[in-house]
Amino acid sequence: MNTMPQLGKIEWIGLRPARREAPQSVEGVAITVESGLVGDHYKGSSRKRQVTLIQAEHLQTVASILQKDQIDPALTRRNIVVSGVNLLAFNKQQLQIGDEVILEMTGLCHPCSRMEENLGAGGYNAMRGHGGINTRVIKGGRIQVGDMVKLHVTTKEGVEH
């Protein structure tokens, strides 16, 4: 469970400046322990959903189910699209983005009724099982499109790698 040789890569980052607004694509963003993504409206007090991630491969699957060529990541209302790594493998694990940021998976990010609105008829059911993950911020920093995503492991001696 503590090995994951695959590296993921950030393909897209989106911030929602206000409730019910579509995410705006950005090239990079600061992340803090206190508020998650700087500039994103979500400020949940539980910290369990500070940053949401979805796999690029799942966007392709959802597009196929809906008989579309592609899905605009902003329509899924997630913060970060990652390719090349299975996000569900981070269950009860921490992931590192770039050199600084550490996130901890807190659960699945289930689709909401907005998926019907955003993706069209069947959007909610197409997203079921493909909605990505919720995370809390363990260590802040700055991330950008192209940054690597990997399993964050701390040894018994407290050494991070």
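Residues numbered from 1 in each chain as written. Predicted model: local features only at pLDDT ≥ 70, side-chain atom pairs only at ≥ 80, totals over all residues. Heavy atoms only, no water.

(A) Highlighting the pattern of salt bridges. Within this structure, the stated rule accounts for 2 salt bridges. Its salt-bridge partner being R136, residue E104 comes within 3.1 Å of it at the nearest N-O pair. Of the two residues, E104 sits in strand 8 (residues 101-108) while R136 sits in strand 9 (residues 133-139), which places them 32 residues apart along the sequence. The class for E104 is partly exposed, based on a relative accessible area of 22%. Looking at R136, the relative accessible area reads 22%, which means it is partly exposed. The residue E117 makes a salt bridge to R114 at a minimum N-O spacing of 3.3 Å. Taken together, the residues E117 and R114, both in helix 2 (residues 114-119) and 3 residues apart, mark about one turn of the helix. A relative accessible area of 11% means that R114 is categorised as buried. (Salt bridge = Lys/Arg side-chain N within 4 Å of Asp/Glu carboxyl O. Helix = DSSP H or I, 4+ residues; strand = E, 2+ residues; numbered from the N terminus. Buried < 20%, exposed > 50% of the residue type's maximum accessible area, 1.4 Å probe, protein only.)

(B) Layout of the nonpolar core. Of all hydrophobic cores here, the largest spans 25 residues; its most connected members are L53, I80, F90, L95, I97, L103 and I143. Of all the elements in the fold, those that place two or more residues in this core are strand 1 (8-15), strand 3 (28-32), strand 5 (51-55), strand 6 (80-83), strand 7 (94-97), strand 8, strand 9 and strand 11 (148-152). Leave out the neighbours within four places in its chain, and L95 touches L53, F90, V101, I102, L103, I133, T135, V149, K150 and H152. Grouped together as the second largest cluster of nonpolar side chains are 14 residues, I54, A56, V62 and A63 included. (Core = buried A, V, L, I, M, F, W, Y, C linked by side-chain atoms within 4.5 Å. Contact = heavy atoms within 4.5 Å.)

(C) A look at helix 1 (residues 56-65). Inspection of helix 1 places A56, H58, L59, V62 and A63 among the buried residues, and these make up the whole buried set. The arc that holds every buried residue of helix 1, seen down its axis, measures 155 degrees, which confines them to one face. Along helix 1, the residues that are exposed and aim more than 90 degrees away from the buried face are Q60 and S64. Buried positions along helix 1 lie against strand 5, strand 6, helix 2 and helix 3 (123-127). Backbone geometry just downstream of helix 1 places Q67 in the positive-phi region, at approximately 55 degrees. (Arc of directions from axis to C-beta.)

(D) Structural detail: the sheet that holds strand 10 (residues 141-144). Pairing within the open sheet is antiparallel, and its 3 strands lie in the order 4-3-10. Only two strands of the sheet have a single partner each, and these edge strands are strand 4 (36-37) and strand 10. The pairing of strand 3 with strand 4 spans 2 bridges and is antiparallel. Each bridged residue has a counterpart across the sheet, and for I31 the counterpart in strand 4 is L37. (Pairing = 2+ DSSP bridges.)

(E) Region of the structure containing the pairing of strand 3. The two faces of strand 3 differ: V29 and I31 on one face are buried, but G28, A30 and T32 on the other face are not. The turn linking strand 3 back onto strand 4 is made up of 3 residues.

(F) Quick look at the environment of L59. Take L59: it is sitting in helix 1. A relative accessible area of 7% means that L59 is categorised as buried. For the pair formed by L59 and A126, sequence separation is 67 residues and the distance between their alpha carbons is 9.9 Å. Discounting chain neighbours no more than four positions away, the residues touching L59 are I54, I71, P73, T76 and V81.

(G) Structural detail: the side chain of Q55. Following the sequence through the fold, Q55 ends up in strand 5. Judged by relative accessible area, which is 8%, Q55 ranks as buried. Beyond its immediate chain neighbours, meaning those up to four positions away, Q55 contacts V81, V82, V85, N86, L87 and L88.

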